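# Structure assessment
Given next are the chains, with one letter for each unit.
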Amino acid sequence: MLQESRGYGVISQWLEKKDFHPFEFQEQAWGQMMHGHSGLVNAPTGCGKTFSVFLGTLIQVINEHPKNYQTVAPGNLQLLWITPLRALAKDIGRAMEAVLTELQIPWRVGIRNGDTSTSERQKQKRKVPEILIITPESLHLLLAQKDCSAVFAQLRWIAVDEWHELMGSKRGVQVELAITRLIGMQVKKKNKISVWGISATIGNLEEAKQVLLAPIKEGGCIIRAKIDKKIEVHSIIPDEISEYPWAGHLGIKLAEKLIPIIEASNSSLIFINTRGMSETWYQTILNVAPQLAGAIALHHGSIEHELRAWVEDALHAQKLKAVVCTASLDLGVDFRPVDTVIQVGSPKGVARFLQRAGRSGHGPGEISRLYFLPTHSLELVEAAALKQAILENKIESKDPLLLCFDVLIQYLCTLAVGEGFDDNTILKEIRTSYCFADITDEEWKEVIMHITQGGIALNQYDEYHKVVLDNGLYKVINRKIAMRHRMHIGTIVSDAMLKVKFLGGGYIGVIEEYFISRLDPGDVFTLAGRNLELVMIKDMDVLVRKSSAKKSIVPSWNGGRMSLTANLGAILRETFNKALVDETEIEIRSLRHLFQTQATLSKIPRANELLIEQIESKDGYHLLVYPFEGRQVHEAMSAILAFRIAQITPISFSIAMNDYGFELLSDQPIPVDDSNVQDLFKTDNLFADIQKSINSAEMSKRKFRDIAVIGGLIFQGFPGEHKKARHLQSSAALLYKVFEEYEPNNILFRQAFKELMEQQMEEHRLRAALDRMYHSHILLCFPKQLTPLSFPIVVDGLNRNSLSSEKLEDRVRKMQEQLSKS
Amino acid sequence: MNAPIPYQIHDQNCWLSPQRAIFWENQSTLILSDTHYGKTGHFRKNGIGVPQAVFQEDMQRMVELLGFFKPERMVVVGDLFHSAANLELDVFAKWRRDFEQMEFLLVKGNHDILGEHWYQANQIRVQKERFQIGPFQFAHDPMAANDAPDGGFLFSGHLHPGVSLTGMVKQNLHFPCFYFSKTSCILPAFSKFSGTATVKKKKDNTIFAIVDHQLIEIVR
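These figures come from a predicted structure and were not determined experimentally. (Residues numbered from 1 in each chain as written. Chains lettered and ligands numbered in written order. Predicted model: local features only at pLDDT ≥ 70, side-chain atom pairs only at ≥ 80, totals over all residues.)

### Brief notes about the overall build of chain B
For clarity, the cut-off: Put simply, DSSP marks the helices as runs of H or I at least four residues long and the strands as runs of E at least two long, and each gets a number from the N terminus on. Atoms considered for the radius of gyration are the C-alpha atoms alone. The globule rule reads 2.2 Å times the number of residues to the power 0.38. Put plainly, a residue is buried at 20 or more neighbouring C-beta atoms within 10 Å of its own, exposed at 12 or fewer, and partly exposed in between, counting only other residues' C-beta atoms, which are placed from the backbone. Once C-beta atoms have been placed from the backbone, residue pairs whose C-beta atoms lie within 7 Å are recorded as contacts.
In terms of helices and strands, chain B carries four helices and 16 strands. Here the C-alpha atoms of chain B give a radius of gyration of 17 Å, agreeing with the 17 Å that 2.2 N^0.38 yields for 220 residues. Evaluated residue by residue, chain B yields a buried proportion of 49% over its 220 residues. Put simply, of all contacts in chain B between residues at least 6 apart along the chain, 64% involve residues at least 24 apart.

### Brief notes about the overall build of chain A
In terms of regular secondary structure, chain A is built from 31 helices and 26 strands. Here chain A has a C-alpha radius of gyration of 28 Å; the compact-globule value for 822 residues is 28 Å, and the two agree. Principal-axis analysis of the C-alpha atoms gives chain A an extent of 85 × 75 × 60 Å. A total of 822 residues make up chain A; the buried ones form 48% of that total.

### Concerning the packing of helix 2 (residues 24–34) of chain A against helix 3 (residues 49–64) of chain A
In a packed pair of helices, the relevant descriptors are the angle between the two axes and the axis-to-axis distance. Residues and elements named next belong to chain A. The criterion, for reference: Only the contacting stretch of a helix is used when fitting its axis, a line to C-alpha atoms as for every element, and angles between N-to-C directions run 0 to 180 degrees. Working definition: roughly parallel below 35 degrees, roughly antiparallel above 145 degrees, roughly perpendicular at 65 to 115 degrees, and oblique for all remaining angles. In this scheme the crossing of two helices becomes right-handed for a clockwise turn of the near helix relative to the far one and left-handed for an anticlockwise turn of less than a right angle.
Across the interface, helix 2 lies against helix 3 with an axial gap of 8 Å and an inter-helix angle of 45 degrees. Judged by the inter-axis angle, helix 2 sits oblique to helix 3. Between helix 2 and helix 3 the crossing geometry is right-handed. Taken together, the residues of helix 3 that come into contact with helix 2 (itself represented by Phe-25, Gln-26, Ala-29, Trp-30, Met-33 and Met-34) are Phe-51, Ser-52, Val-53, Leu-55, Gly-56, Thr-57, Ile-59, Gln-60 and Asn-63.

### Looking at the confidence of the model for chain B
Parts of the model with low pLDDT should not have their predicted coordinates read in detail. Put simply, the rule is: As a per-residue measure, pLDDT reflects the predictor's confidence and takes values from 0 up to 100.
Averaged over all residues, the pLDDT of chain B equals 91, while 96% of them reach at least 70. Predicted complex, confidence summary: ipTM 0.91, pTM 0.86.

### Quick notes on the packing of helix 6 (residues 136–143) of chain A against helix 9 (residues 170–186) of chain A
All names here are of chain A. Two numbers describe how helix 6 lies on helix 9: the axes approach to 9 Å, and their chain directions differ by 40 degrees. Helix 6 and helix 9 meet at a crossing whose hand is left-handed. Here helix 6 contributes Pro-136, Leu-139, His-140 and Leu-143 to the contact with helix 9, which in turn contributes Arg-171, Gln-174, Val-175, Ala-178 and Arg-181.

### Topic: the interface of chain A and chain B
Applicable threshold: Side-chain classes are defined by residue name, with Ala, Val, Leu, Ile, Met, Phe, Trp, Tyr, Cys and Pro counting as nonpolar, Asp, Glu, Lys and Arg as charged, and the others, Gly among them, as polar.
On the side of chain B, 38 residues touch chain A, which itself brings 42 residues to the contact. Sorting the residues of the side of chain A that touches chain B by element identifies strand 23 (652–657), strand 24 (662–666), helix 27 (732–742) and helix 31 (808–821) of chain A as the ones contributing at least two each. With nine residues, the top contributor of residues to the side of chain A that touches chain B is helix 31 of chain A. Classifying every residue of the side of chain A that touches chain B gives 17 nonpolar, 16 polar and nine charged.

### Observations regarding the pairing of strand 19 (residues 530–538) of chain A
Residue and element names in this part refer to chain A. Convention followed: By definition, two strands form a pair when at least two bridges between them are found by DSSP.
Pairing between strand 18 (residues 524–527) and strand 19: four bridges, direction antiparallel. Of the residues in strand 19, the one forming a bridge with Leu-527 is Arg-530. Relative to strand 20 (residues 541–546), strand 19 runs antiparallel, the two sharing six bridges. Paired with Met-536 across the two strands is Leu-543, which belongs to strand 20.

### As for the domain arrangement of chain A
The cut-off we apply is this: Segment limits for the domains were obtained from an automatic or database-derived domain assignment.
Examined at the domain level, chain A breaks down into domain 1 (6–224), domain 2 (230–392), domain 3 (405–426 + 434–487), domain 4 (498–546) and domain 5 (573–821). Placing the centre of domain 2 of chain A and that of domain 3 of chain A at their C-alpha centroids yields a distance of 45 Å.

### Structural notes on unusual backbone geometry
In the Ramachandran plot, Lys-217 of chain A falls in the positive-phi region, its phi being about 50 degrees despite a non-glycine side chain. With respect to the helices and strands, the residue Lys-217 of chain A is situated in the loop between helix 10 (205–213) and strand 7 (221–224). On the basis of neighbour counts, which here come to 8 C-beta atoms within 10 Å, the residue Lys-217 of chain A falls in the exposed class. For Asp-212 of chain B, which is not glycine, the phi dihedral falls at a positive 50 degrees. Position of Asp-212 of chain B relative to the elements: it lies in the loop between strand 15 (206–211) and strand 16 (214–218). The exposed category is assigned to Asp-212 of chain B, around which 12 C-beta atoms lie within 10 Å.

### Notes on the sheet that holds strand 25 (residues 777–781) of chain A
The strands making up a sheet associate through hydrogen bonds between their backbones, and the pairing can be parallel or antiparallel. All names here are of chain A. The six strands lie next to each other as 25-21-22-24-23-26, forming an open sheet whose pairing is mixed. In the strand order of this sheet, the two ends are held by strand 25 and strand 26 (801–804), each with one partner. Across the sheet, the mean angle from the axis of one strand to that of its neighbour is 20 degrees, orientation sign disregarded. The pairing of strand 23 with strand 26 spans four bridges and is classified as antiparallel. In the sheet register, Ser-654 faces strand 26, and the bridge partner there is Ser-802.

### With respect to the pairing of strand 16 of chain B
All names here are of chain B. Sheet topology note: the strand 15/strand 16 ladder contains five bridges and is antiparallel. Looking at strand 16, one finds that Val-211 is bridged to Gln-214. Linking two consecutive strands that pair antiparallel, namely strand 15 and strand 16, is a turn of two residues; a positive phi of about 50 degrees is found at Asp-212 within it.

### With respect to helix 19 (residues 479–487) of chain A
Residues and elements named next belong to chain A. In plain terms, the rule: Working definition: the arc comes from the directions between the helix axis and the C-beta atoms, pointing outward to the latter.
For helix 19, the full list of buried residues reads Ile-481, Ala-482, Arg-484 and His-485. All buried residues of helix 19 lie within an arc of 165 degrees about the axis, which places them on one face of the element. For helix 19, the exposed residues set more than 90 degrees away from the buried face come down to Arg-479 and Lys-480. Where helix 19 is buried, its residues touch helix 16 (405–417).

### Things to note about helix 14 (residues 350–357) of chain A
All names here are of chain A. For helix 14, the buried fraction is high: seven of the eight residues fall into the buried class. Taken together, the buried positions of helix 14 are Val-350, Ala-351, Phe-353, Leu-354, Gln-355, Arg-356 and Ala-357. Along its buried surface, helix 14 packs onto strand 8 (230–235), strand 9 (268–271), strand 12 (340–344), strand 13 (367–373), helix 15 (379–392) and helix 21 (566–576).

### Observations concerning the sheet that holds strand 2 (residues 79–82) of chain A
All names here are of chain A. Read across the sheet, seven strands follow the order 3-4-2-5-6-1-7 without closing on themselves; strand pairing throughout is parallel. Each having just a single partner strand, strand 3 (109–112) and strand 7 make up the two edges of the open sheet. Across the sheet, the axes of successive neighbouring strands diverge by a mean angle of 15 degrees, strand direction being ignored. Pairing geometry for strand 5 (residues 157–160) and strand 6 (residues 194–199), over four bridges, is parallel. Note on strand 6: the bridge partner recorded for Ile-158 is Val-195.

### A few points about the nonpolar core
Selection rule: Linking buried Ala, Val, Leu, Ile, Met, Phe, Trp, Tyr and Cys residues through C-beta atoms within 7 Å yields a set, and such a set is a nonpolar core.
The biggest cluster of nonpolar side chains holds 225 residues, and the ones touching the most others in it are Ile-270, Val-323 and Val-324 of chain A. Counting 52 residues, the second largest nonpolar core, distinct from the first, contains Phe-23, Leu-30, Val-76 and Ala-209 of chain B.

### A short note on the environment of Gln-19 of chain B
Note that Gln-19 of chain B resides in the loop between strand 2 (12–17) and strand 3 (21–24). The class for Gln-19 of chain B is partly exposed, based on 17 C-beta atoms found within 10 Å.

### Considering the confidence of the model for chain A
Across chain A, the average pLDDT comes to 86, with 93% of residues at 70 or higher. A low-confidence stretch, residues 719–723 of chain A stays under pLDDT 50, and its non-local contacts, those more than four residues away or across chains, total six contacts.

### Quick notes on the environment of Ala-43 of chain A
All names here are of chain A. Looking at the secondary structure, you find Ala-43 in the loop between strand 1 (39–42) and helix 3. Expressed as a C-alpha distance, the spacing of Ala-43 and Arg-606, which sit 563 residues apart in the sequence, is 37 Å. The residues contacting Ala-43, other than those within four sequence positions of it, are Phe-25, Lys-49, Ser-52, Ile-198 and Ala-225.

And the structure:
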């Protein structure tokens, strides 16, 4: 019994002294841990989820060493705490150290991530701390060390924090792979490792647990914190809503409405969806409320980490009224003073919305208060949909990734750089993971061939060299290649980043090379809320000086645009049923004029209807379809539709989409009418059409970029190394072209297709969506002008795809003719 | 092989080939740029598995050009080799021996870092700076050689010119191209393992886009 154990006695006494009482779920977790079980703790941030696992390990240690736990330390790694965010490590480490000190347990806590200094690393190497807090990337870096098995020799617990955030991403796959290795290392010993995940609520917790625990072949348990949090959502309604959504204005003109909210709150977090816009918002708030200078700050992933750390500390200490931030503050420890959260623009999903709301009002009984500021008026419908989703508790699932060969290739090279690997052992190990459970012998051979022979068969003048078989173990023996690999471990792909520094020294942050390459010396841009004048680019550094210029360019970071989840999309379709009918909710009521315009020009699609608009404008012929399935699904669906129409006649399309619908734009009339429109959505031959449309729309190009970087095909270059590595640089677009033409069977090139097929073009999901549309009542309208629904897609449609069934030369000739006419 | 198109420069007869080369008939000279031989080998040697078929195709295309035009001289306006020597360059050297009788000139490009002896051994006459044959001059970097040659005509490379075409409905196509002004020509990169830098059509310029296997003049 837990309650009778010595460890529980010590811990509960200590808690009592501090006037804390363990939550039921914490005791449940401790009980399970005492018996060496594994599992998943489901709890929101700020209610003791860290302690639910950490104290469990201490209880066990005290039970095992009741006499000497305060005098003898194991002297090697016991608990590995994996966290997705560097920013989290420090706070968790501090909290753990405080507990250890008070209980007089002589364990040390180490932190290992990109910010850890070399001297600290050396220290950890000499004497491994009992607890190591680490990111997935740094964990793989440890696996790339020659003596790594010694580090993990006595490991007993692996805790994975924020598992809901990691699962479904390639970082999650990295964690899965690392766990198979850590467990594989113990096989010959009696040592048994327990694995514990900590996750916020997602739709598929059971699956999340299965994925994490797969390597230990144990069912494990889910422990849920029954903590009911009250959430209040307020939409910020513009005074005037024009008939058209203000595409491109991005809601900046509502900034004034934020000031009273900020001033009435203790401390606010303002979530902005992109880094670029967060810079703009920060400036705008300062412009409309100069009195806030010094009391507001900016926090996003491209800001130098000391500055970020300062912002976080200031938030804790209640020194800031507001922080403008991106997903960079989504996770992590709680900032107690924060009592208000402002979400600017659609959060795209229910889970993220709840998570952000939860960043305010943590105390028991406190209410999480969230203000929603729309960036275009139609987003008010989303606000109404989100409220409904919260009422009905409809939270998204996160789908685990399967067979990510790029991550596997990187992992195998990591092992080869480290102690080397035996292919049978490792194949067995990775097959215990959820991600690679189904890898075939054939695929494994291909992967090994890729890292040892660089893909296709050798010819007599090939000198491919990376991983070699050395005394039965696969190893990297070339030091330069090993070094380059170590620098590239990770699955977060960004453009080549340059450091931004002041001429006189002082580091400000990082910026994408793509952005800076379009600027000339003398141009002024904004970073970390400062206006900076570009002086010159030297090696990998951008040298700047402060500028007092009024105008500046706001950088765009090419970060992935989030897509509306299918879950929220479905609720959104329902919400349109209320337009002009049920105006109880203020969001729907305030959009009356816009809905009326839509109804007059075209129609308002109800949940069982599919609206299609055909509009002729000076730009050409537009076909607009509104499935409300989110950008990702629209990208796939639009390609299929374009492909099917292009079978009717030779035609070229440019395709744009947003979360509500998509647009096919052509320079000739689009042959769609009442007689054939329904057939466009039929599910016959779907699989073949999917494959052909992927090819024609070159959709896998964007996917390939990340895969090429993770799989080690793109060498991004690093500070100082820049010049030496120049002869090894090539762009993803060029590599895509080369592989497409010369080696389309390459395992990494195929992966780009596979990811598309699984994540966006998943046949099953597309079939369901198309089937729904096929059986909806199709409303084919021919509005005389752009409608409120079409406006944001036509005006703002980014990420255009194209698809053509015309001959390339014909297209070139036509373009030339069109140009000479205009 | 797709037909080259005739192109008159001053009073000289030239042929533009969609195989990314120019044949100067009066002097029986084939002009190429940025072949970057050895690039795939260099990548592969460093553990980056790009398909070596690109190199094979590039070599093959060059041999086809030689078979078609039967030039007495070849001029490469820089970046003949991508980096340090490797086995791919041995293949090149072997090819060079097969065409021994042909004169071979190279204007050094920024990538041409091999030692003098290598060029000598393979009978490649290396020019460090711009040089002249008849009315034509040859240089690697068109920017570095910015002073317009008096009454002459300059061939260069380095840039890897490409042209973007925009159609009526936000369509966008991109092709490597030959870029001519009244006094100069920038050649497309010969290697298919090379990116492009976008050039814009101006009033006095002539651009030929390489569309699949043919050349199309870009009028606007």
